[in-house]
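# Structural overview for review
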Amino acid sequence: MKTYQADEKGYYGEFGGAYIPEMLYPNTEELRQNYIRIMQEPSFKKEFDQLLKDYVGRPTPLYFADRLSRKYNTKIYLKREDLCHTGAHKVNNTIGQILMAKKLGKNRIIAETGAGQHGVATATVCALMGIECVVYMGEIDIARQAPNVARMKMLGAEVRPALSGSRTLKDATNEAIRDWINNPVDTHYIIGSVVGPHPYPDMVARFQSVISEEIKWQLKEKEGRENPDYVVACVGGGSNAAGAFYHYLDIPEVGIIAVEAAGKGIDSGESAATSALGKVGIIHGSKTLLMQTHDGQITEPYSISAGLDYPGVGPMHANLYASGRGEFISITDDDAMNAGLLLSKMEGIIPAIESSHALAILEHRKFKPEDVVVINLSGRGDKDLNNYIEYFNL
Amino acid sequence: MGNRINKKLKEEGKLLSIYFTAGYPKLGDTVEIIQQLEKNGVDMIEIGLPFSDPLADGPTIQQSSTAALKNGMTTEILFDQLKDIRQSVSIPLIIMGYFNPMLQYGVEAFCKKCQEIGIDGLIIPDLPVDVYHEEYQETFEKYGLINVFLITPQTSEKRIRFIDSVSNGFIYMVSSASVTGAQSGFGDGQQAYFQRIADMKLNNPQIVGFGISNSETFEQATKSAKGAIIGSAFIKHLNGHGVEGISTFIKTIR
Ligand SMILES: Cc1ncc(COP(=O)(O)O)c(C=O)c1O
């Protein structure tokens with residue numbers, strides 16, 4: 001059977017793999033040899049499930065959005081990842097990886113962050129476990145995401161500015177990788193999305209797959225069937241999307257819709273729509289689609305949403321795009337902001353701007369009245385209040 | 001005709017190899033730096049093709065790469081600058097760069113161009129030996145290029161043996177678990193590692209890189225290895241003294 005999951009070498013079709021310097025080989029190799037075995041250990045599963053339930057607050061509701069459904073004349077369900085502890089799906093992955101790090105005997109954690117959501121989720125689980133935590137963040141992002149920097153500090157993490165290159169997320173990722181090269185024995189690197197060298201994309205997807213696992217039984221309860229007609233998610237690196245798609249990847253009846261950030265428009269020169277603008281290449285150890293110059297230099301993307309502002313996309317998504325399994329749509333800043341405001345007014349839910357991109361699909365694409373459409377609401381909008389205030393002059 | 005790298009490795013004595021970033025300090029410095037290095041007795045040169053995201057490199061090489069890109073360096077410009085290099089330079093020349101720019105140029109086209117110019121080898125830190133062996137080895141060999149792999153203190157014996165079997169020039173022995181950048185000296189741990197590798201009696205000679213900055217570290221590194229590579233320390237010197245200072249720098253090493 002054709003599968004859209006990773007093979008044992010970490011390839012999704014032609015995408016993925018581990019294009020890493022030899023200095024990183026022992027680190028990723030240790031993880032590669034152990035991650036599936038550890039994840040399948042009963043003691044690991046028990047602790048992971050328990051923490052997701054008692055600490056994160058899972059299962060998150062699958063909410064039938066009645067007013068929105070009537071407006072768009074289709075059946076819309078929202079998967080409420082915004083109700084997770086720390087405000088987004090990111091924590092599903094950091095809980096999994098901190099337990100993984102403990103099993104591997106690591107006593108120091110590093111992470112990269114752009115907007116700070118993954119940094120906060122990592123600092124949170126490190127506080128929970130009493131493990132030292134260093135978060136790399138681009139110098140420019142530190143300046144524009146002050147509240148999340150303060151959160152990380154409050155949680156006991158050290159926030160180190162990435163001063164190289166363009167001083168944003170991709171450079172923070174480079175710095176975290178360099179730290180890992182320099183500290184190969186005691187340190188675990190918690191990557192924040194389904195990106196990076198094998199086994200990260202697959203491991204992070206597995207930790208996030210709890211999202212679609214829950215959608216299945218929740219939809220069965222509500223609609224009498226496990227499979228929606230469509231599942232929709234925004235894609236930065238692609239972790240919330242990977243989680244929402246995971247158990248539906250190989251079920252062709254379920255339409256998969258990935259929403260990328262068009263920024264000020266695909267042709268504006270200020271965009272983060274990797275599938276539309278990217279070419280195959282290597283970024284952060286993975287062969288995937290990425291935005292780059294003719295000459296192969298990685299370029300700086302733009303989106304109003306810091307969480308979608310990554311020049312690459314996870315290899316799973318590159319394959320969904322290249323194979324045609326997934327439908328890829330890009331949404332501009334303006335359309336996303338309006339979708340966020342609409343959800344707030346119609347359903348009383350203020351979404352993260354990342355998630356607003358996924359919601360904007362409703363204005364852009366027709367669904368049939370009998371279609372069941374699940375939209376992954378990856379996070380809540382508290383962190384984005386300043387952006388909303390500025391944008392709408394609230 | 002044998003590859004210049006293999007011939008050089010057969011010569012008596014220890015080899016001094018220098019890394020510099022092409023397009024730095026100035027876009028047009030490439031050829032003069034290479035000529036000066038040869039004139040001052042350097043045995044081999046690694047020409048760095050700058051990349052926006054050099055994740056195996058420390059601050060010095062990162063900064064020189066960023067500056068070189070800002071100066072306008074591209075793969076095509078580098079090839080153009082080097083097109084007549086073999087009329088004036090005869091020591092082995094290696095291009096060191098990350099895989100993505102080569103992939104965008106086209107791996108085969110890149111190799112072909114290297115052969116035309118007279119480049120002898122490549123060092124591509126993020127092209128792992130396994131992928132090279134399966135997908136690219138034939139192409140590299142077709143164009144007479146030697147691909148050089150890295151090993152580190154953490155590389156297992158089994159993997160070193162595999163790397164040795166795939167290599168046909170030398171093995172780049174990374175001095176410690178770290179990114180590039182000058183260190184103050186090598187401790188007992190590193191000396192033991194150098195010796196351990198020497199005792200493996202590999203087919204390919206080893207050249208040590210990362211953290212070599214002066215005559216003392218050069219001597220320590222070459223006690224059991226065939227040679228050593230200086231990168232960051234040279235770039236720092238270029239930074240302060242420009243191309244004119246090359247001969248002074250080389251004289252401090254040996
Ligand atoms: C709420 C939210 N959604 C989505 C994303 C994008 O990441 P990913 O594509 O990995 O889900 C982020 C990243 O910060 C986020 O905070």
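Model, not experiment: these values are computed from the prediction.

Rules behind the numbers
Residues numbered from 1 in each chain as written. Chains lettered and ligands numbered in written order. Predicted model: local features only at pLDDT ≥ 70, side-chain atom pairs only at ≥ 80, totals over all residues. Heavy atoms only, no water. Pairing = 2+ DSSP bridges. Helix = DSSP H or I, 4+ residues; strand = E, 2+ residues; numbered from the N terminus. Axes fitted to C-alpha atoms, helices over the stretch in contact; angles between N-to-C directions. Contact = heavy atoms within 4.5 Å. Near = heavy atom within 4 Å. Polar contact = N/O pair within 3.5 Å; in protein donor to acceptor, adjacent residues only side chain to side chain. Areas by Shrake-Rupley, 256 points an atom, 1.4 Å probe, with all protein chains shown as cover. 1 Å grid on protein atoms, 1.4 Å probe; cavity = no way out; pocket = protein on both sides within 12 Å on 5 of 7 lines; lining within 4 Å. Sits in = over half its atoms within 2 Å of the grid points. Nonpolar A, V, L, I, M, F, W, Y, C, P; charged D, E, K, R; others polar. Domains from an automatic or database assignment. Buried area = accessible area lost by both parts, 1.4 Å probe. Salt bridge = Lys/Arg side-chain N within 4 Å of Asp/Glu carboxyl O. Points joined across faces, edges and corners; volume = space filled by probe spheres on them. UniProt positions renumbered as here; feature names shortened; annotations may be inferred. Patch = residues over 30% accessible without salt bridge, like charges linked within 9 Å, V, L, I, M, F, W, Y side chains within 5 Å. Buried < 20%, exposed > 50% of the residue type's maximum accessible area, 1.4 Å probe, protein only.

### Examining the sheet that holds strand 5 (residues 146-151) of chain B
Residue and element names in this part refer to chain B. Pairing within the closed barrel is parallel, and its eight strands lie in the order 1-2-3-4-5-6-7-8. Across the sheet, the axes of successive neighbouring strands diverge by a mean angle of 25 degrees, strand direction being ignored. Those strands touched by helix 8 (residues 157-166) are strand 5 and strand 6 (171-174), and its axis lies near 170 degrees from that of strand 5.

### Considering the site of the ligand
Residue and element names in this part refer to chain A. The environment of the ligand is formed by 18 residues, the closest being Ser193, Gly236, Gly238, Ser239 and Ser378. A distance of 3.1 Å separates an oxygen atom of the ligand from a polar atom in the side chain of lysine 90. Separating an oxygen atom of the ligand from a side-chain N or O atom of asparagine 240 is a distance of 2.8 Å. Protein chains shield 97% of the accessible area of the ligand, which is 390 Å² for the free molecule. Judged by its atoms lying within 2 Å of the grid points, the ligand is housed in the largest cavity. Here the shell around the ligand is composed, by residue class, of five nonpolar, 11 polar and two charged. For the shell around the ligand, the two domains that each supply at least three residues are domain 1 (23-51 + 90-204) and domain 2 (57-88 + 209-392).

### Here's the deal with the side chain of glutamine 36 of chain B
Structurally, the position occupied by glutamine 36 of chain B is in helix 2 (residues 30-39). Those residues in contact with glutamine 36 of chain B that lie beyond four places of it in its chain are Val243 and Ile246 of chain B.

### Quick word on the interface of chain B and chain A
Across the boundary between the two partners, chain B contributes 37 residues, which contact 32 residues of chain A. When the two sides are added together, the surface that chain B and chain A hide from each other amounts to roughly 2800 Å², 53% of it contributed by carbon and sulfur. For chain B, the biggest contributors to the area lost against chain A are Asp53, Leu55 and Gln104 of chain B; these three give 22% of the whole. Aspartate 53 of chain B is paired through a salt bridge with lysine 170 of chain A; the nearest N and O atoms lie 3.1 Å apart. At the boundary of chain B and chain A, one finds 17 residue pairs in polar contact (both at pLDDT 80 or more). Those elements that provide at least two residues to the side of chain B that touches chain A are helix 3 (59-70), helix 4 (75-82), helix 5 (99-105), helix 7 (129-142), strand 5 and helix 8 of chain B.

### Quick look at the layout of surface pockets
Over the atoms, a rolling probe the size of a water molecule traces out where space has been left empty. All names here are of chain A. A volume near 550 Å³ is recorded for the largest pocket. Sorting the residues of the lining of the largest pocket by element identifies helix 7 (146-154) and helix 17 (385-392) as the ones contributing at least two each. Among the elements that make up the lining of the largest pocket, the one with the highest residue count is helix 17 (five residues). Its residues assigned to classes, the lining of the largest pocket shows eight nonpolar, six polar and nine charged.

### Considerations on the UniProt feature "domain: Tryptophan synthase beta chain-like PALP" (unreviewed entry) in chain A
Taking the UniProt record as the reference, the feature "domain: Tryptophan synthase beta chain-like PALP" (unreviewed entry) is found at residues 57-379 of chain A. Summarising residues 57-379 of chain A: 41% helix, 21% strand, and an end-to-end C-alpha distance of 14 Å.

### A closer look at a nonpolar patch on the surface
All names here are of chain A. Nonpolar side chains collect at one region of the surface, where Ile350, Leu385, Ile389 and Leu394 lie side by side and expose about 370 Å² of accessible area between them. Among the secondary structure elements, leucine 385 is positioned in helix 17. Under the relative-accessibility criterion, leucine 385 is labelled partly exposed at 42%.

### Regarding the pattern of salt bridges
Residues and elements named next belong to chain A. Tallying each qualifying case throughout the model produces 43 salt bridges over all chains. Notably, a salt bridge pairs lysine 79 with glutamate 214, separated by 2.7 Å at the nearest N-O pair. One end of the pair, lysine 79, is in strand 4 (residues 75-80); the other, glutamate 214, is in helix 10 (residues 210-223), with 135 residues separating them in the sequence. When its relative accessible area of 6% is taken as the criterion, glutamate 214 is described as buried. When salt bridges that share partners are traced, they join Arg108, Glu132, Glu158, Arg160 and Asp179 into one network.

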